[in-house]
Amino acid sequence: MTANPPGASSGLSEVEARRRLAETGPNEISEARKRTFRESLVGVASEPVLILLVVAAAVYFVIGDAAEGAMLLVFALFTISLMVLQERRSENALKALRELGAPVASVLRDGVERRIPASEVVPGDIAILAEGERVPADGEVIEAEGLAIDESLLTGESVPVEKPATGEAPAYGGTLVVRGHGAMLVTATGAATETGKLGASLAAIVDTPTHLQQNTARLVRLFGVIAIVVCVGLAAYYGLVLDDWLQGVLSGIALGMAMLPEEFPVALAVLLAIGAWRLAQVRVLVRQSAVIEALGSATCLCVDKTGTLTENRMRLRLLDTGRESLEVGPTAALSGPFAELLETALLASRRGSHDPMDLAIVDLADSAAALTGDNGRAFEREYGLTPELLAVSQVWSDGDGRLMVASKGAPEAMVTLCRMAPEEATAVLDRVHGLARRGLRVLGIAAAEVTDGALPDAQHQFAFRLLGLAAFEDPVRPAVPAAIAEAHQAGLKVKMITGDYPETARAIASAAGLRTEAGVATGADLAALAPEALACVASEVDVFARVRPDQKLKLVTALQAAGESVAMTGDGVNDAPALKAADIGIAMGKRGTAVAREAADIVLLDDDFSHIIDAVRMGRRIFDNLRKVMIYIAAIHVPIAGLALLPVLFGLPVALWPLHVVILEMVVDSMCAIAFETTPAERDLMRRPPRQRSEPVAGLPQILYGLAQGTILLIAVFGMYWGMLQGGAAEDTARALALITLVAGDVGLVFVNSSQRAVLAGGGSMPHRWFWIIGGSVTALLAAALAVPSLRELFYFGLPTLQQVALALGAALAALAAVDLLRLIPAVRRIGGGR
């Protein structure tokens, strides 16, 4: 690095730096306040079903039945733990991701270069900028030696920006130095930086619950109100009419719990938590599980180009000598003028550089055959880029006094260096424009020789001759075309929004499989449109180029106004407002800024677009399985509630006590609900159009369908209980047989509802492994409750005969056959989601 600038050679003193740090605060972006563990715990514990569980446990403790009271409390604690654990785990994973940011910075303090935490950088510091490191804060460049900074995280432009040492060239915090080195005077830190100013945009956007969360909460509230009214009414009936307040309270709680769909939030938590875990296996981090389902309802994916559709690296694609051109690959065997062209490009590049063009040239040269590399030459001197001449030249000696100069740079600069005639220059630039229209970035390559050993002061004094052109591409990820084709097949619109040039955007879009028939809309085009016209263009055009950060947000809101459910990807601080405004924000984990990750709902840890389609598929599968679960839960509540209420209405002994209800709903039903998580996706899952955002996972048709299933099973269950009592069986034996019928029907409903097609019509599939595991576990639990005397006494069961058990199982099987036959009716099949 050159000498420090006058007046700033020693930087700040440590004393002054500490004073400024206390005055301005740390160089950090304030994070949104997260819910504390206590707040998460209180939020989950306020669920109505958990309150009922605690009340029931308290009643049992008061009357001296500690065993049942303790069991109820264990179930309550298990449910609370499951829901809190998932929320905290996601936040901890995101906290680990924040470590991707640059944690340290180099500054001058008391005349000495020091490495300090980036959070301690203050205005007035002299920050040292080195290749491969991130700029720690906003400032002005005061020294530069070939300094180029990648500002794509802030501007969306993928080409590095040259930074001359004028004292007026800005450098922005979080951007990456890709070439050269220098120093900057820090002018703003923390919230005062360009990154920090985006906080106001984010604060203006209010987070709202997903449609799934809203619909589920609405459903639980509806059932909760009905359950409370019926619960109080039954307790009052027992107390006022039968003068038995204790049994009235316990029966009322049992009925209330039987009617409350407490499995809804449990099943929702389990399916979404496991779905989040499955996505984590393919490097997709879900901050809030419910967003997976929302992604399943997305109708439009707005994606960035660089690093999402492409690999975010340069690859040397083509060499052009003027007479002929050659498409090159990793195993290219080069000879003649093409070998000379690549070898010269290599000599004009630096090994170990972070410049993407240098990396691409070195990669190809290392793998290409018949290249001599530096061939024993010794490096002598480099002529760096200047604002006036965008070219780099490196001088090499061969040991015999001869000097060879290799140069590469912008084609316009190379034409000037080679002093080409106007017609020759026009022909070269025409070839450049043709390559640019294919989305390629082009460098000119030239060489010169020096025989007298004297080196001039400037590179334009060499007698260069143009060897040809080297064209580079940021290749489309191999999995992207198939992923976009699958998205289109699933009825999803895919729109590319980039800050790159229209020609590059069009070429990449075509290679990726995006639709380009409607053309490419630029940021300038969008700025000239009225809101109504913008909404029309946003819907019809799939490729947008030279788009500013504020225009990304406008595109998202325009699409939402047109009825689209928008998933938006982004990596830079400029993307944060659009990410937060979108229905689903998706940030890049590798190259994304902390601001983008904080604003997003999902983080792609390896920045791969194809994993977005994996997440969409998972979201649709989860929605399907949640709908199956909700129908199942609505169905199974009918026989449980009916078995708690009908004996009272018919003057029969109590069939269900609170412990029975808890075991049925918190263990048997919840285990069965988990079985739906492993249910394979329907065959037409990714051939359906996206559903409407407002479509509930369980609307009135699904609830009525579930209630119809449950009513059929209730007839079999209550019929078994009533028939056994009428036949002279003991109360405990009749209760046991009713529970056998209910549990067998419960497990059978899982199998029947696991497919959207009627099983008896050949539409179902063979039960999967987890169905047998859970079915076996439930059977073992029921068998233990019947066979172990202490458990039999705890559950108020009698021991039935084998003939009676066979009769109970037959009743359950008959009810399941009737339920399955319902789905032969087309209207009923559509309610369940079938086509």
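Preceding block: the structure.
Okay, so let's go over this structure. Once a new chain begins, its residue numbering starts again from 1 and follows that chain's sequence as written. pLDDT decides what is reported in this predicted model: residues at 70 or higher carry local features, side-chain atom pairs at 80 or more are listed and counted, and totals for whole chains, interfaces and linings draw on all residues regardless. Each side-chain value is worked out from all heavy atoms of the structure, with water and hydrogens disregarded.

### Let's talk about helix H29 (residues 802-822)
What sets the pattern is the α-helix's 3.6 residues per turn: residues three or four places apart point alike. Quick note on the threshold: In this description a helix means any DSSP run of H or I spanning at least four residues, a strand means any run of E spanning at least two, and both kinds are numbered starting from the N terminus. Under the convention used throughout, the expected extent of a helix is 1.5 Å for every residue step, that is, one less than its residue count. Each residue is assigned to one of three classes by its accessible area relative to the maximum for its type, calculated with a 1.4 Å probe on protein chains only: buried under 20%, partly exposed between the two thresholds, exposed over 50%. Here, two residues are considered to be in contact whenever any of their heavy atoms come within 4.5 Å of each other.
Here H29 contains 21 residues, and its C-alpha end-to-end distance of 31 Å stays within 8% of the 30 Å for a straight helix at 1.5 Å per residue. Of the residues making up H29, those classed as buried are Ala808, Ala811, Ala812, Ala815, Leu816, Val819 and Asp820. Elements that come into contact with the buried residues of H29 comprise helix H25 (700-726) and helix H26 (731-753).

### Some words on the sheet that holds strand E21 (residues 584-588)
Test applied: Strand pairing is assigned whenever DSSP identifies at least 2 bridges connecting the two strands. Angles run from 0 to 180 degrees between N-to-C directions of axes, and those axes are lines fitted to C-alpha atoms, restricted for helices to the stretch in contact.
As summarised here, the arrangement of the 8 strands in space is E8-E22-E21-E20-E9-E17-E19-E18, forming an open sheet in which the pairing is mixed. The open sheet has two free edges, formed respectively by strand E8 (284-286) and strand E18 (520-522), since each of these has just one partner strand. Adjacent strand axes in the sheet meet at a mean angle of 20° when their direction is disregarded. Note: strand E9 (residues 300-303) against strand E20 (residues 566-570), 3 bridges, orientation parallel. For Cys300, the partnering residue across the bridge sits in E20 and is Val566.

### A short note on the pattern of salt bridges
Our working rule: Any carboxyl oxygen of Asp or Glu within 4 Å of a side-chain nitrogen of Lys or Arg constitutes a salt bridge here.
Tallying each qualifying case throughout the model produces 29 salt bridges. One salt bridge in this structure joins Asp355 and Arg179, with 2.3 Å as the shortest N-O distance. Residue Asp355 is located in the loop between helix H12 (336-347) and helix H13 (356-367), and its partner Arg179 is located in strand E7 (residues 176-188); the two are separated by 176 residues in the primary sequence. Among the residues examined, Arg179 registers a relative accessible area of 13% and is labelled buried. In this structure, a network of salt bridges that share partners links the residues Arg315, Arg317, Glu327, Arg438 and Glu473.

### Overview of the pairing of strand E10 (residues 315-320)
In this sheet, strand E16 (residues 465-473) lies alongside E10 in antiparallel orientation, the contact comprising 5 bridges. The residue bridging Leu318 from the neighbouring strand is Ala471, located in E16. As judged from the 3 bridges shared by E10 and strand E11 (residues 325-327), these two strands associate in the antiparallel manner. Its bridge partner being in E11, Asp320 is matched across the sheet by Ser325.

### Considerations on the side chain of Asp138
Inclusion rule: In the analysis that follows, any N or O atom pair within 3.5 Å is treated as a polar contact, provided that within protein one partner can donate a hydrogen and the other can accept it, and provided that, for residues neighboring in sequence, both atoms belong to side chains.
The topology assignment puts Asp138 in strand E4 (residues 138-150). A polar contact is formed between the side chain of Asp138 and the backbone nitrogen of Gly173, at a distance of 2.8 Å. Those residues in contact with Asp138 that lie beyond four places of it in its chain are Ala171, Tyr172, Gly173, Met184, Leu185, Val186, Thr187, Ala188, Thr193 and Glu194.

### Focus: unusual backbone geometry
Glycine aside, negative phi is the norm for most residues, and most peptide bonds take the trans geometry. Positive phi is not limited to glycine here, since Arg546 has a value of about 55°. Within the secondary structure, Arg546 is located in the loop between strand E19 (543-545) and helix H20 (549-561).

### Side note on the environment of Gly719
Position of Gly719 among the secondary structure elements: in helix H25. Taking the C-alpha atoms as reference, Gly719 lies 8.4 Å from Ala738; in sequence the two are 19 residues apart.

### Observations regarding the packing of helix H16 (residues 480-489) against helix H23 (residues 610-649)
Put simply, the rule is: Left-handed describes a crossing whose near helix is turned anticlockwise from the far helix through less than a right angle; right-handed describes the clockwise counterpart. Residues were grouped as follows: Ala, Val, Leu, Ile, Met, Phe, Trp, Tyr, Cys and Pro as nonpolar; Asp, Glu, Lys and Arg as charged; and all remaining residues, including Gly, as polar.
Two elements in contact, H16 and H23, have axes separated by 8 Å at closest approach and are oriented at 35°. The element H16 and its partner H23 pack so that their crossing is left-handed. Where H16 abuts H23, its residues Ala483, Glu486 and Ala487 lie against Ser610, Ile613 and Arg617. Classifying every residue of the contact of H16 with H23 gives 3 nonpolar, 1 polar and 2 charged.

### Considering the packing of aromatic side chains
The criterion, for reference: What counts as a ring pair is set by centres within 6.5 Å for rings of Phe, Tyr and Trp (its six-membered ring), and what kind of pair is set by the plane angle: stacked under 30 degrees, edge-to-face over 60, tilted for all other angles. Look at NZ for Lys and CZ for Arg. If either is within 6 Å of the ring centre and within 35 degrees of the ring normal, a charge sits over the ring.
Counting across every chain of the model gives 5 aromatic pairs. Measuring from centroid to centroid gives 5.6 Å for Phe650 and Phe718, while their planes differ by 40°, and the two rings are tilted. In this pair, Phe650 is assigned in the loop between H23 and helix H24 (658-677) and Phe718 in helix H25, connecting sequence segments 68 residues apart. Ring centres 5.8 Å apart and planes at 20° place the aromatic pair Phe795 and Phe797 in the stacked group. With respect to burial, Phe795 and Phe797 carry one shared label: buried. Positioned above the aromatic ring of Tyr501, the side-chain terminus of Arg546 is 4.3 Å from the ring centre.

### Considering the environment of Thr426
Here Thr426 shows up in helix H15 (residues 422-437). Exposure remark for Thr426: the relative accessible area of 44% places this residue in the partly exposed category. Residues Thr426 and Glu412, 14 residues apart in the sequence, show an inter-C-alpha distance of 10.0 Å. Polar side-chain contacts of Thr426 include one of 2.9 Å to the backbone oxygen of Pro422.

### What about a nonpolar patch on the surface?
Selection criterion: Patch construction takes residues with relative accessible area above 30% that form no salt bridge. Like charges are linked within 9 Å, and nonpolar side chains (Val, Leu, Ile, Met, Phe, Trp, Tyr) are linked within 5 Å. Computed with a 1.4 Å probe, the accessible areas rest on the Shrake-Rupley method; for each residue, only the protein chains presented here act as cover.
A grouping of Tyr237, Leu240, Val241, Leu242 and Trp245 is seen on the molecular surface, where their side chains present a nonpolar patch of about 550 Å² in accessible area. Its location among the elements puts Val241 in the loop between helix H7 (211-240) and helix H8 (245-259). Classification of Val241 as exposed rests on a relative accessible area of 54%.

### Looking at the environment of Ala716
Tracing the backbone through its elements, the reader meets Ala716 in helix H25. Residue Ala716 is classed as buried on the basis of its relative accessible area of 14%. Taking the C-alpha atoms as reference points, Ala716 and Pro639, separated by 77 residues in sequence, lie 8.9 Å from one another. When residues no more than four places from it in sequence are discounted, the contact partners of Ala716 are Thr741, Ala811 and Ala815.

### Description of the sheet that holds strand E15 (residues 441-450)
Ordered by their spatial adjacency, 7 strands build an open sheet running E11-E10-E16-E15-E14-E13-E12, and the pairing between neighbours is antiparallel. With one partner strand each, in any of the chains shown, E11 and strand E12 (378-383) form the two edges of the open sheet. Direction aside, neighbouring strands of the sheet carry axes that sit 25° apart on average. In this sheet, strand E14 (residues 403-409) lies alongside strand E13 (residues 391-397) in antiparallel orientation, the contact comprising 7 bridges. Bridge assignment links Val392 to a residue of E14, and that residue is Lys408.

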